[in-house]
Amino acid sequence: MAHSPVLSPKPNPPGAGSRITTMNPKAKALAILNHANQPPAPSTATTPGDGGTDLAEQMNDEVRRKFVSGARLGEGTYAVVYSGHYRHDPSRLVAIKKIKLNPEHKDGIAPDAIREIKHLSELSHPNIIQLHAIFSTKEQNISLVLEHLPLGDLEGLWKNQSISYSGADIKSWASMLAQAVWFCHENYVLHRDIKGNNLLIAADGTLKLADFGLARSFADPGRVMTSMVITRFYRPPELLLGCLHYGGTVDVWSMGVVLAELVLREWFLPADTDSQQLLVICDVFGTPTEETWPGVTKLRNAAILGVAKRPQPLSYWRQRFTLLGEDGIDLLRSMLIMDPAKRFSARKVLEHRYWTNAPRPTKKEDLPKQGGGLAKVGEDLKRRAGETDSGRGDKVARKLDFGSMR
Amino acid sequence: MKLTEDDIYRTSTQYRNWSFTPTQLALQRQKTNQQASERVKAAVARQRAQRVRQPQADTASTSESERNGSGIENGSSTPIPVGDQEVNCLTVEEEMKLVDTFCEKALDLGKFCNFPTEVTATCIQFLRRFYLFNSPMTYEGQNISRTAMFIANKAESYFLNAENYAARFGPKATAEKVLAPEYLIIQALRYNLDVRHPFRGLKGGHLELIELANGNLAALPSATETPAELQAQMLLLPRKPDGPATRMSIAELEKRITDAYGFASHILKTAALLTDAYFLYTPSHIWLSAHLLADEPLTLFYLSTKLPSSSPMAAKTLATIRSCATLLSSHRSFNSDRIPPSEKDARDKKEKEEVQVLVKKLRQCRDPDKIDLVKLNQAQKRDAVEGGGLEENKAKRRKLQREGYQKEAEDFWGPELAKGENREGK
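As the structure is a prediction and not an experimental result, all values here were calculated from the model. (Residues numbered from 1 in each chain as written. Chains lettered and ligands numbered in written order. Predicted model: local features only at pLDDT ≥ 70, side-chain atom pairs only at ≥ 80, totals over all residues. Heavy atoms only, no water.)

### Observations regarding the overall build of chain B
When its secondary structure is counted, chain B shows 22 helices and zero strands. Scored against the burial criterion, the 426 residues of chain B give a buried share of 52%. Intrachain contacts of chain B at a sequence separation of at least 6 include 76% that bridge at least 24 residues. For chain B, the computed accessible surface area is about 19800 Å², with 54% contributed by carbon and sulfur atoms. (Helix = DSSP H or I, 4+ residues; strand = E, 2+ residues; numbered from the N terminus. Buried < 20%, exposed > 50% of the residue type's maximum accessible area, 1.4 Å probe, protein only. Contact = heavy atoms within 4.5 Å. Areas by Shrake-Rupley, 256 points an atom, 1.4 Å probe, with all protein chains shown as cover.)

What follows is the structure, given as structure tokens:
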């Protein structure tokens, strides 16, 4: 049967009122369900001022009216991103991330959206993307009004061969990242998807941690969490081994990998499968044993550890990470300790001497920048958590496959 | 660099958007009640007018039986008082009593489904927040509670399958019904999905007390007393306020601490959830109040190790905790284990009767526009798919449209389902 406009909460097209009277009585009956569309009945006393909307709807509409949505910047599987600005001040730019309504998703609002909304609403820090507001449209699309971050991301930066940067620049970016992660953990939030292309750069050069689609609160002791999080290259060994109880140090590992990539200007630990990822890690850090990591052999996927390998010597680090200096190398290796219990916490990372010893970190406004631009803003925000655009087809952060190992 | 617990709490949405003074709370409830009442009256008046007009429009084209059929589906099975008398709407107090009942039912629902404490607790706060801006006259409790529980699971990182969840409520419940008010609720929650509970605070305080009892801890680095001195004081703590000093063994003291924890924990899972405590106090206030009710001397000792009585904050903090304790102990659940069964039964019976009267009254003043949430939601969703700019390929869009039409057709031609839903809606 034809699409009945009376069921729609959108304003009726002109003439809809007369169509109602010619309609099937059942359709008319349904029309009563939503009186907002009804031409006002002659004898009805209308409630002044509220237009038939809930208080909550009115508050939502107020928020929505504060922003003007502009050009579409990009579209991904999970969201469409628009440029936008405050209505009262067009110079205040924002990015509007409209979470797609997926009628085929059977369980309502998707986990990514729930997590991002929940955690970004609570976190306010200069190195975490700011959530200005959330509103929904009449069509039940939830839109996140996010900070406008036009200068691309950290991954784009190291990939861009036309840009050169120094050890002081790296220290500056790393310090902003470390503060963001520390703040998340102080607020009992695990990010669980730290990687170069979730680290966006504001117009003034500030680094901002974005994409909280995989974040969660610290679990109570004993509660199981999924190990299928964090994009593979950045996933710590305990998750690859199937650990279901973990803490803030999973993010610290990812942070270490990001820092290493920034120095190397290439992937630090690239792998095509989850099981290969673990072996790649062991190639650098050695195969963990009960001595170096008590309990490791009892983890679910311990069998894939295979033959024992020795860790790379200090000379390997000095050779590859010269830019960091001795202090930086020491910190990097503390962030990348295999045993999560020995790995540095975000707070310990901030207490390291690397930050206070020479060279001083570059001031953020003096950091090298790349063009970025609006299209890039869209690219950065629309991704679903767990994806990279590394071209390696690793959009499978949540699908671990150890079967191929056997 | 160190953030204090207070610094962190003050940035939370719970503090920024969901903390009130008693006056603010009362005003908001007044406003919600007034708006809902006006809407119900307007909607009922419109329906009456509609019913007057309807037969004239219909006689030409439809038979008597069809008209009767439409009468059932258009919501007139909701008993709307005939005649011209004003609809008798719920008062603020009556609304609050109903919301309290919804919350108690949600507690049962959580037990029934075996959900973790924090999920049920979050759900109940969602309900209390939801009904601060919505009236039970507009949105009925059962559907909202089920959906709020579903959202609470998500918010606490338990992602349920909607169909399995709905299946627990018998054949009439469907995933669609669970999901229909999801946006409605999330919007009313102002997209704030993080609820700060007192449970972890209580657990932390308990662990500290045990350490203090064993002489392992000075509660503050600046403490002038040694851990051993603190332990010695603790072993002498009277059982009752102003009671005689005791001389407990460490084992007795540990048992006392654990008993207090158990009792306080019970309060946090009942009275703290079922009152306005979360709106009026912080999580630390709440757990300390519960602990105060469980063992006052122990709690005062604990506070004194954190906040010396010389501190100007001490008196203020204690006054706040005492007023929160008064609120918690005023709830029915607080002494239900300690009053004689006959008295408890009589009280519960009276309570039940009062609620039944209210439920009956509610039936007479429900907003007829908001009874069928599933249909309201379908209409909105279809708009999103068609007008919301999903620029997928055309085939997909057609498929969605087709599904939309099918759904719509089912709504039109599935009278049993519609009737069932209406009945459920009451």
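### Points about the sheet that holds strand S3 (residues 93-99) of chain A
Residues and elements named next belong to chain A. Pairing is antiparallel across the open sheet formed by five strands, whose spatial order is S1-S2-S3-S5-S4. Across the chains shown, the open sheet's two edge strands, defined by having one partner strand only, are strand S1 (67-75) and strand S4 (131-136). The mean angle between the axes of side-by-side strands here comes to 25°, regardless of whether they run parallel or antiparallel. Sheet topology note: the strand S2 (residues 79-86)/S3 ladder contains seven bridges and is antiparallel. (Pairing = 2+ DSSP bridges. Axes fitted to C-alpha atoms, helices over the stretch in contact; angles between N-to-C directions.)

### Some details on the environment of B:Asp337
Residues and elements named next belong to chain B. Locating aspartate 337 in the fold gives a position in the loop between helix H18 (312-329) and helix H19 (341-364). With a relative accessible area of 64%, aspartate 337 lands in the exposed category. Separated by 50 residues in sequence, aspartate 337 and tryptophan 287 place their C-alpha atoms 20 Å apart.

### Section: the UniProt feature "domain: Cyclin C-terminal" (unreviewed entry) in chain B
Sequence positions flagged by UniProt for "domain: Cyclin C-terminal" (unreviewed entry) are, in local numbering, residues 197-328 of chain B. Split by type, residues 197-328 of chain B is 70% helix and 0% strand. Its first and last C-alpha atoms lie 15 Å apart. (UniProt positions renumbered as here; feature names shortened; annotations may be inferred.)

### Some thoughts on the confidence of the model for chain A
Here chain A averages 81 in pLDDT, and 78% of its residues register 70 or above. Between residues 387-406 of chain A, whose pLDDT stays under 50, and residues either more than four places distant or in other chains, the model counts 55 contacts. (pLDDT = per-residue confidence, 0-100.)

### Describing the UniProt feature "domain: Cyclin N-terminal" (unreviewed entry) in chain B
In this numbering, the UniProt entry assigns the feature "domain: Cyclin N-terminal" (unreviewed entry) to residues 113-193 of chain B. Span residues 113-193 of chain B is 63% helix and 0% strand, its end C-alpha atoms 21 Å apart.

### What about the UniProt feature "active site" (unreviewed entry) in chain A?
Within the UniProt annotation, "active site" (unreviewed entry) is assigned to A:Asp193. As for its placement among the helices and strands, A:Asp193 is situated in the loop between strand S6 (189-190) and strand S7 (199-201).

### Structural notes on the pairing of S1(A)
All names here are of chain A. Where S1 lies against S2, six bridges are found, and the strand directions are antiparallel. Along S2, the bridge assignment pairs serine 69 with glycine 84. Between the end of S1 and the start of S2, which pair antiparallel, lie three residues.

### Quick word on the domain arrangement of chain A
Residues and elements named next belong to chain A. When cut into domains, chain A gives domain 1 (16-147) and domain 2 (154-394). Among the residues domain 1 hides against domain 2, the three largest losses belong to Leu73, His119 and Asn127. Together they make up 25% of the total. Taken together, the connections running from domain 1 to domain 2 amount to one salt bridge. We note a salt bridge from lysine 208 to glutamate 147, for which the minimum N-O separation is 2.7 Å. Applying the counting rule to domain 1 against domain 2 returns eight residue pairs in polar contact (both at pLDDT 80 or more). Every element with two or more residues in the side of domain 1 that touches domain 2 is listed here: S1, S2, S3, helix H4 (111-122) and strand S5 (142-147). Per element, the largest residue contribution to the side of domain 1 that touches domain 2 is six residues, and it comes from H4. (Domains from an automatic or database assignment. Buried area = accessible area lost by both parts, 1.4 Å probe. Salt bridge = Lys/Arg side-chain N within 4 Å of Asp/Glu carboxyl O. Polar contact = N/O pair within 3.5 Å; in protein donor to acceptor, adjacent residues only side chain to side chain.)

### Comments concerning the nonpolar core
One finds A:Phe268, A:Phe285, A:Trp317, A:Phe321 and B:Met234 to be the most contacted residues of the largest nonpolar core, which totals 199 residues. When residues no more than four places from it in sequence are discounted, the contact partners of A:Phe268 are A:Val257, A:Ala260, A:Glu261, A:Val284, A:Phe285, A:Tyr316, A:Trp317, A:Arg320, A:Phe321 and A:Leu336. Membership of the second largest hydrophobic core comes to nine residues, among which are A:Phe67, A:Tyr82, A:Phe135 and A:Val145. (Core = buried A, V, L, I, M, F, W, Y, C linked by side-chain atoms within 4.5 Å.)

### What about the packing of aromatic side chains?
Here a ring pair, both rings aromatic, is described through the centre-centre distance and the interplanar angle of the planes. In this structure the tally under the stated criterion is 27 aromatic pairs over all chains. Ring geometry for A:Phe268 and A:Phe285: centres 6.5 Å apart, planes at 90°, overall edge-to-face. Remark: A:Phe285 occurs in helix H9 (residues 274-285) and A:Phe268 occurs in the loop between helix H8 (249-264) and H9; sequence separation between them is 17 residues. Residue A:Phe268 shares its accessibility class with A:Phe285, and that shared class is buried. Considering the side-chain rings of B:Phe130 and B:Tyr131, the 5.0 Å spacing of their centres and the 85° angle between planes classify their relative orientation as edge-to-face. In this structure B:Phe130 comes out as buried when scored by relative accessible area, which is 1%. Members of the aromatic cluster, each reached through a chain of ring pairs, are A:Trp253, A:Phe268, A:Phe285, A:Tyr316, A:Trp317 and A:Phe321. (Phe/Tyr/Trp six-rings, centres within 6.5 Å; stacked < 30°, edge-to-face > 60°.)

### Some details on the pairing of S4(A)
Residues and elements named next belong to chain A. Most of S4 sits out of view: five of its six residues are buried. Sheet topology places S4 next to S5; five bridges connect them, and they run antiparallel. Bridge pairing in S5 places alanine 133 opposite valine 145. Between S4 and the antiparallel strand that follows it, S5, lie five residues; glutamine 140 among them carries a positive phi value of about 70°.

### What to know about the packing of helix H11 (residues 199-213) of chain B against helix H12 (residues 227-235) of chain B
All names here are of chain B. Packing of H11 against H12 brings their axes to within 8 Å, and their N-to-C directions diverge by 100°. Overall, the two elements H11 and H12 adopt an arrangement that is roughly perpendicular. Between H11 and H12, the residues in contact are Leu209, Leu212 and Ala213 and Leu230, Gln231 and Met234, respectively. Tallied by class, the residues present in the contact of H11 with H12 amount to five nonpolar, one polar and no charged. (Parallel < 35°, antiparallel > 145°, perpendicular 65-115°, else oblique. Nonpolar A, V, L, I, M, F, W, Y, C, P; charged D, E, K, R; others polar.)

### Things to note about the confidence of the model for chain B
Residues and elements named next belong to chain B. With 81% of its residues at a pLDDT of at least 70, chain B reaches an overall mean of 82. Low pLDDT, under 50, characterises residues 408-426; the stretch is placed with 41 contacts to residues that sit more than four places away or in other chains. Our summary of model confidence lists the complex with pTM equal to 0.81 and ipTM equal to 0.79.

### Some details on unusual backbone geometry
Cis peptide bonds are those with omega within 30 degrees of zero, and the linkage from A:Ala358 to A:Pro359 qualifies with -5°. Mapped onto the elements of the fold, A:Pro359 is located in the loop between helix H12 (346-350) and helix H13 (374-382). Non-glycine residue A:Arg192 carries a positive phi angle of around 65°. Mapped onto the elements, A:Arg192 comes out in the loop between S6 and S7. At B:Arg190, a position not held by glycine, the phi torsion is positive, near 55°. Examined against the element boundaries, B:Arg190 turns out to sit in the loop between helix H10 (182-188) and H11.

### Brief notes about H12(B)
Residues and elements named next belong to chain B. Along H12, the residues classified as buried are Leu230, Gln231, Met234 and Leu235. Angular distribution of buried residues about the axis of H12 spans 135°; they occupy a single face of the element. Where H12 is buried, its residues touch H11, helix H13 (250-269) and helix H17 (296-306). (Arc of directions from axis to C-beta.)

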